[in-house]
Amino acid sequence: MKIVVIGNGMVGFKFCRKLVERKVPGLELIVFGEERLPAYDRVHLSSYFDGKSTADLLLAPKNWYADNGVRLHLGDPVHHISPGLQTVTAKSGITESYDILVFATGSSAFVPPMPGTDQKGVFVYRTLDDLDHMKTAARKARRAAVIGGGLLGLEAAKSCMDLGIADTTIVEYAPRLMPRQIDQNGSAILQKQLETLGLKIRTNAYTTSILGDGTATGIGFEDGSTIPADMIVISAGIRPRDELAASAGLETGSRGGIVVNDRMQTTHANIYAIGECALYQHIIYGLVAPGYEMADIAIDNILGGNRTFGGFDMSTKLKLVGVDVASFGDPFPPPDSCRVIVFEDQVAGVYKRINMTDDGQYLLGGILIGDASAYNMLLQKVKNKMKITGKPEDELLGARSTGEAAAGVLGLPPDAMICSCESVSKAAICQAVEDGHETFNAVKKCTGASTSCGGCAPMVKDLITYTLKSQGKYVRNVLCEHFGYSRQELYDLIKIRSLHSYDEVLDNIGHGDGCEVCKPAVSSILASLWGDMILAKGNDTAQDSNDRYLANIQKGGTYSVVPRIPGGEITPQKLMAIGRIAEKYNLYTKITGGQRIDMFGAHVGDLPLIWEELIAEGFESGHAYGKALRTVKSCVGSTWCRFGLHDSVSYAIRVEERYRGLRAPHKIKSAVSGCIRECAEAQSKDFGIIATEKGWNLYVCGNGGSKPQHALLLAADLDSETCIRYIDRFLMFYIKTADPLTRTATWLNKMEGGIDYLRNVVVKDSLGIAGELEREMQALVDSYKCEWREVVETPALRKRFTHFVNAPEEKDPSVQFEQLREQKKAVEWK
Amino acid sequence: MSPITKEKTNWFFACKVEDVPANGGVCIKYKDEQIALFHFARRGEWFASQNLCPHRRQMALSRGMIGAQQGEPKVACPFHKKTFSLADGRCLSDEHECAIKVYPVKLEEDRIYIGVGGGKETSAVPA
Ligand SMILES: Cc1cc2nc3c(=O)[nH]c(=O)nc-3n(C[C@H](O)[C@H](O)[C@H](O)COP(=O)(O)OP(=O)(O)OC[C@H]3O[C@@H](n4cnc5c(N)ncnc54)[C@H](O)[C@@H]3O)c2cc1C
Ligand code: SF4
Ligand code: FES
């Protein structure tokens, strides 16, 4: 059988992969693709501006096709088909005959008919080539405008910001953003969130022209107003690529799309259409999951089966510019037919809406903005028409702890579709677990679940845990294949058996040869237990590379050096010393977000020399590398500030000097503010201290970063000594019980009993371990040594800091820099 | 130790055993190339591979952590922790990622030699 596929996009590729997996004897598979690259992940297209390379985005490397007997013609669009002769002809002149022809031509961006769209500076957002053009243009652009405030428009706007265009406006014709997915109130919250990020938004704005004289300069609206812009991205919808099909006489819809039946056949029985070019019951499905389902159904029918397509749910969940947005089922059914519950928190930027049947028994759909953690479960309830058992409002607030969420998964019927991208049911996942695939990766590999968008990962993980539990297996969060223990268990075992090196630990309580997961985890435990110099006792190669070189490896393979500056206080002499050293070793310098000075671009061989000079000037290891205490920020405090209640700088220095170098499951940050104005942002730190009239308030388990979370008050009005004791206990308890790479916020979120429990342990000593925790912390504090100094003064360690072991004086010749604002920078990833 | 020696293999002296940290790697300069050399002391084995991380194209693999996955020796790139088999160069963590070149290693007394130009190299690095 000879099958020709036109289009090598996401769905076309999926078709090929699934067909190849069926191992059909005598199959000849030929694919024509118009783009220069083989199929790539369009869904994550925007991450191209965010560090991903084209190679990262490819769905399969080029050689996959040849390896699997697929003949792929790239950059060669099909120009003509002859259904009578059963042949296709491509631009290059290649003609192929076929038994079965499959259209997977996708869509193109729809450009509304208006004057000015053909000028320089006007873009659409669809292919990697489009993005490349934008990238080039963005270097000169100062203002961007995106026409269309739908899902893609918002993504395009984010990309403009990623490209460095701070002044970006979204223009939407409808009165709200994402008009197809969310309602007016939800849109208002989303809009506010986006505006705080710096995006400008204009709704009710009907664009009628693009201004400019060959080069775009702005856009004009129906009401005569205009806005200036030199980069304009049109994201006004999609247009199915049906031109070739239409010219070959296949039936197409009045608004585009190749008409297919429920077997994905066009009006010619041996010609199929799948993905975004296919029109099924007057609908074009603009998402991958339905396209993948169509690919499956087409294959089944081509191979003699008779599965049929029954439409597809258009629920979506995404993260837009860092804000969760989800809509599922029917987001806005007619108001008189349903009961609606809405939850709104304007300050936190959270909006949730669910629609239920009149009697409150069944979910119809809803909208989640700002917090979409309940999405998977709600979607399942809609899809499986599950009865609402508890109070309807509980549905809205979502599962409050993982326990309940997982219990929810258990309640799903066996045929519930857990992974909609890959069509994997609950039963299939449970079966895989019962067959012995007991880890997430194993289940992923065996079932294919979670290999596309990844949105179903939390549910898959819950299912694994609960299937194992239901089999009576003790589910442990084991570290990796080399250790059958969790981090907490390992910590206790290492301590009880008094093990001091990675190899000892592996020999005594592990098996195999270790890996990059258990080595740093064990090293961190050893460091927090014994406080030995991190590179001592042959432990250096069990350290993460950053710990091993006591510096962060950065783009280009050079390192950054960040001397410790406790509390952010620094003398002019020290400032000059840093300046002089940075100049001498040609380092790029920048003030960090944590009141330090970052020096980038140091060759590995220069590290000991740089440290030596820094040490001579009175600096010490700043643990910007490794999972350790990073910084204790401070505000000005009572020494200078007219509001300051206490001397926050002195206290911050004291705290930082106490915990410097402390190794933990993850990095730790802290801050001290001199009054409630909170200039040091102490409430976004793992532990933060704020001066009060009567002493210090201690806040814990806050987190900045990608998932910000406010710290919670642990104890109020403490004197300086008590505050330190509580911090000792808190940090030591965290170090002993948290999983690897878990920040304090996540640790607390998972803790049964939450902050009340933690307060009982730390403040009320409910477990009777406070004394022990304090003693252990004191031992670590006492054993602190500057790690850089150890290297500088130990010839054997110092010798390790070379690029070539057989040419120690030579620097890595492949390291390259570019100029940036009078300094150097690493060259871009290729 | 990697046993494969093909006729054409050209052995060059890399460094002494003592120059390589136990269970870690170093970078060897060979003409204009960079080769990562690893001493897997736990297993008494030596491995060599290209030093270039194929993912980000940076000279960094020698600084990665080595380990094993179901018995197969591997190295994790310090940049994004993608892991590569030291036995055949395959990327173990991401099927879409290119493989790396691996080279045979032999030991004579305390001297380490790396074989280039032999049959064991699996080249999959795009230029
Ligand atoms: C920026 C962006 C973000 C998105 N985000 C999401 C998301 O979060 N979730 C989601 O579900 N979906 C998302 N989508 C939509 C998703 O990418 C599409 O649904 C999916 O790519 C459709 O796959 P397809 O194979 O039908 O079409 P495409 O991936 O567009 O592939 C069609 C291919 O056919 C080629 N072609 C056309 N005509 C010819 C010809 N005559 N000869 C040869 N080749 C031809 C085209 O050049 C193209 O490469 C997003 C899309 C974009 C652009
Ligand atoms: S937090 Fe209070 S004391 Fe500190 S600088 Fe701000 S206003 Fe001044
Ligand atoms: S739902 Fe997308 S990968 Fe499972």
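Above this text sits the structure in question.
As the structure is a prediction and not an experimental result, all values here were calculated from the model.

Draft legend 1. A look at the overall build of chain B. Counting secondary structure elements, chain B contains zero helices and 12 strands. Ordered by position from the N terminus, the helices and strands of chain B form the series β-β-β-β-β-β-β-β-β-β-β-β. Here chain B holds 127 residues, and the buried ones make up 59% of them. Counted over contacts in chain B with a minimum sequence separation of 6, partners at least 24 positions apart contribute 44%. Working note: accessible area of chain B is about 5200 Å², and carbon and sulfur atoms make up 46% of it.

Draft legend 2. Representation of unusual backbone geometry within the structure. All names here are of chain A. Its identity as a non-glycine residue notwithstanding, Asn204 has a phi of 55 degrees, on the positive side. Turning to its location among the elements, Asn204 is positioned in the loop between strand S12 (200–202) and strand S13 (207–212). What makes Asn204 exposed here is its relative accessible area of 56%. Of note, Arg821 is a non-glycine position whose phi angle comes to about 40 degrees, a positive value. Following the sequence through the fold, Arg821 ends up in the loop between strand S38 (817–820) and strand S39 (823–826).

Draft legend 3. Spotlight on the pairing of strand S22 (residues 316–320) of chain A. All names here are of chain A. Going residue by residue along S22, you find Thr316, Leu318 and Leu320 tucked away on one face and Lys317 and Lys319 left uncovered on the opposite face. Pairing of S22 with strand S23 (residues 323–329) involves five bridges; the strand directions are antiparallel. Bridging across to S23, Lys317 finds its partner in Ala326.

Draft legend 4. Region of the structure containing the site of ligand 2. Near ligand 2, the surroundings consist of Cys635(A), Val636(A), Gly637(A), Cys641(A), Phe643(A), Gly644(A), Gly674(A), Cys675(A), Arg677(A), Glu678(A) and Cys679(A). Of the residues contributing to the shell around ligand 2, the split by class is six nonpolar, three polar and two charged.

Draft legend 5. Seen up close, the sheet that holds strand S7 (residues 65–69) of chain B. Residues and elements named next belong to chain B. On the basis of which strands lie adjacent, the open sheet formed by three strands has the order S7-S8-S9 and antiparallel pairing. Lying at the two open borders of the sheet, with one neighbouring strand each, are S7 and strand S9 (83–85). On average, each strand axis in the sheet is tilted by 35 degrees relative to the strand beside it, whichever way the strands run. One ladder, built from five bridges, connects S7 with strand S8 (residues 72–76); its direction is antiparallel. Within S8, the residue paired with Ile66 across the bridge is Val75.

Draft legend 6. The pattern of salt bridges, seen in detail. All names here are of chain A. Enumeration over the complete set of coordinates arrives at 55 salt bridges over all chains. With its nearest N and O atoms 2.7 Å apart, the salt bridge here joins Arg596 to Glu656. On the criterion of sequence distance, the pair formed by Arg596 in the loop between strand S31 (588–591) and strand S32 (597–602) and Glu656 in helix H21 (residues 648–659) is long-range, its members being 60 residues apart. Assessed through its relative accessible area of 3%, Arg596 is described here as buried.

Draft legend 7. Structural context of the packing of aromatic side chains. Residues and elements named next belong to chain A. Counted according to the given criterion, the structure contains 21 aromatic pairs over all chains. Residues Phe13 and Tyr65 carry aromatic rings whose centres are separated by 6.0 Å and whose planes lie at 70 degrees to one another, so their mutual orientation is edge-to-face. Of this pair, Phe13 sits in helix H1 (residues 10–21) while Tyr65 sits in helix H3 (residues 63–67), and the two are 52 residues apart along the sequence. Using a relative accessible area of 3% as the deciding quantity, one classes Phe13 as buried. Of the residues examined, Tyr65 reaches a relative accessible area of 1% and is grouped as buried. Where Tyr48 meets Phe49, the ring centres are 6.1 Å apart and the plane angle is 40 degrees; that geometry is what we call tilted. Take Tyr48: its relative accessible area is 10%, and that puts it in the buried class. For Phe49, a relative accessible area of 10% puts it in the buried group.

Draft legend 8. Representation of the interface of chain B and chain A in the model. On the side of chain A, 48 residues touch chain B, which itself brings 45 residues to the contact. Regarding the contact of chain B and chain A, the summed buried area is about 3500 Å², with carbon and sulfur atoms giving 47% of it. Put simply, chain B and chain A have eight salt bridges between them. Here Lys74(B) and Glu516(A) are joined by a salt bridge, their closest N and O atoms 3.1 Å apart. Broken down by secondary-structure element, the contributors of at least two residues to the side of chain B that touches chain A are strand S1 (10–16), strand S2 (24–30), strand S3 (33–40), strand S6 (58–59), S7 and S8 of chain B. Per-element accounting of the side of chain B that touches chain A gives the leading share, six residues, to S2(B). Residue composition of the side of chain B that touches chain A, by class: 17 nonpolar, 16 polar and 12 charged.

Draft legend 9. Examining the sheet that holds strand S25 (residues 350–357) of chain A more closely. Residue and element names in this part refer to chain A. With respect to topology, five strands assemble into an open sheet ordered S22-S23-S26-S25-S24, the strand pairing being antiparallel. Here the strands that pair on one side only, and so sit at the sheet edges, are S22 and strand S24 (338–345). Strand after strand, the sheet turns through a mean of 10 degrees between neighbouring axes, direction not considered.

Draft legend 10. Main features of the environment of Tyr113(B). Residues and elements named next belong to chain B. Secondary-structure assignment places Tyr113 in strand S12 (residues 111–116). Each C-alpha atom, one on Tyr113 and one on Ala48, is 9.9 Å from the other, the two residues being 65 residues apart in sequence. When residues no more than four places from it in sequence are discounted, the contact partners of Tyr113 are Trp11, Phe12, Phe13, Ala14, Pro104, Val105, Lys106 and Glu108. Among the polar contacts made by the side chain of Tyr113, one reaches the side chain of Arg111 at a distance of 3.0 Å.

Draft legend 11. Structural detail: the nonpolar core. Residues and elements named next belong to chain A. With 62 residues, the main nonpolar core has Phe483, Tyr659, Phe687, Leu698 and Leu758 as its most contacted residues. No other element matches helix H22 (residues 720–737), which puts 10 residues into this core. When residues of this core are sorted by domain, at least three fall in each of domain 3 (487–543) and domain 4 (627–793). Those residues within four positions of Tyr659 in sequence are excluded, and the remaining contacts are Leu629, Phe687, Ile724, Ile727, Asp728, Leu731 and Met777.

Draft legend 12. Main features of empty space enclosed by the protein. Residues and elements named next belong to chain A. The full count for this structure, using the stated rule, is three cavities of 30 Å³ or more. Of the voids in this model, the second largest cavity is the one considered here, and its volume is about 50 Å³. In terms of lining, the second largest cavity is formed by Leu535, Asp540, Arg548, Tyr549, Leu797, Arg800 and Phe801. Partitioned by chemical class, the residues of the lining of the second largest cavity number four nonpolar, no polar and three charged.

Draft legend 13. Looking closely at helix H20 (residues 607–616) of chain A. All names here are of chain A. Of all 10 residues in H20, seven are buried; the element is thus mostly enclosed. Listing the buried residues of H20 in full gives Leu607, Pro608, Ile610, Trp611, Glu613, Leu614 and Ile615. Looking at the buried positions of H20, the neighbouring elements they touch are helix H18 (545–549), strand S30 (559–561), helix H19 (572–584), S32, helix H26 (787–793) and helix H27 (795–798). Looking one or two residues beyond H20, the residue adopting positive phi is Gly618, at roughly 95 degrees.

Draft legend 14. Here's a closer look at the site of ligand 1. Residues and elements named next belong to chain A. In the neighbourhood of ligand 1, 29 residues make up the surrounding shell, with Val11, Glu34, Glu35, Arg126 and Glu276 lying closest. Separating an oxygen atom of ligand 1 from a backbone N or O atom of Ala104 is a distance of 3.5 Å. One of the backbone N or O atoms of Leu287 is found 3.5 Å from an oxygen atom in ligand 1. Across the complex, the protein chains shield 94% of the 990 Å² of accessible surface that ligand 1 would expose by itself. Broken down by element, the shell around ligand 1 gets its largest block of residues, three residues, from H1. For the shell around ligand 1, the class distribution of residues is 14 nonpolar, eight polar and seven charged.

Cut-offs used in this document
Residues numbered from 1 in each chain as written. Chains lettered and ligands numbered in written order. Predicted model: local features only at pLDDT ≥ 70, side-chain atom pairs only at ≥ 80, totals over all residues. Heavy atoms only, no water. Helix = DSSP H or I, 4+ residues; strand = E, 2+ residues; numbered from the N terminus. Buried < 20%, exposed > 50% of the residue type's maximum accessible area, 1.4 Å probe, protein only. Contact = heavy atoms within 4.5 Å. Areas by Shrake-Rupley, 256 points an atom, 1.4 Å probe, with all protein chains shown as cover. Pairing = 2+ DSSP bridges. Near = heavy atom within 4 Å. Nonpolar A, V, L, I, M, F, W, Y, C, P; charged D, E, K, R; others polar. Axes fitted to C-alpha atoms, helices over the stretch in contact; angles between N-to-C directions. Salt bridge = Lys/Arg side-chain N within 4 Å of Asp/Glu carboxyl O. Phe/Tyr/Trp six-rings, centres within 6.5 Å; stacked < 30°, edge-to-face > 60°. Buried area = accessible area lost by both parts, 1.4 Å probe. Polar contact = N/O pair within 3.5 Å; in protein donor to acceptor, adjacent residues only side chain to side chain. Core = buried A, V, L, I, M, F, W, Y, C linked by side-chain atoms within 4.5 Å. Domains from an automatic or database assignment. 1 Å grid on protein atoms, 1.4 Å probe; cavity = no way out; pocket = protein on both sides within 12 Å on 5 of 7 lines; lining within 4 Å. Points joined across faces, edges and corners; volume = space filled by probe spheres on them.

Worth remembering: the numbers are spatial, not functional.
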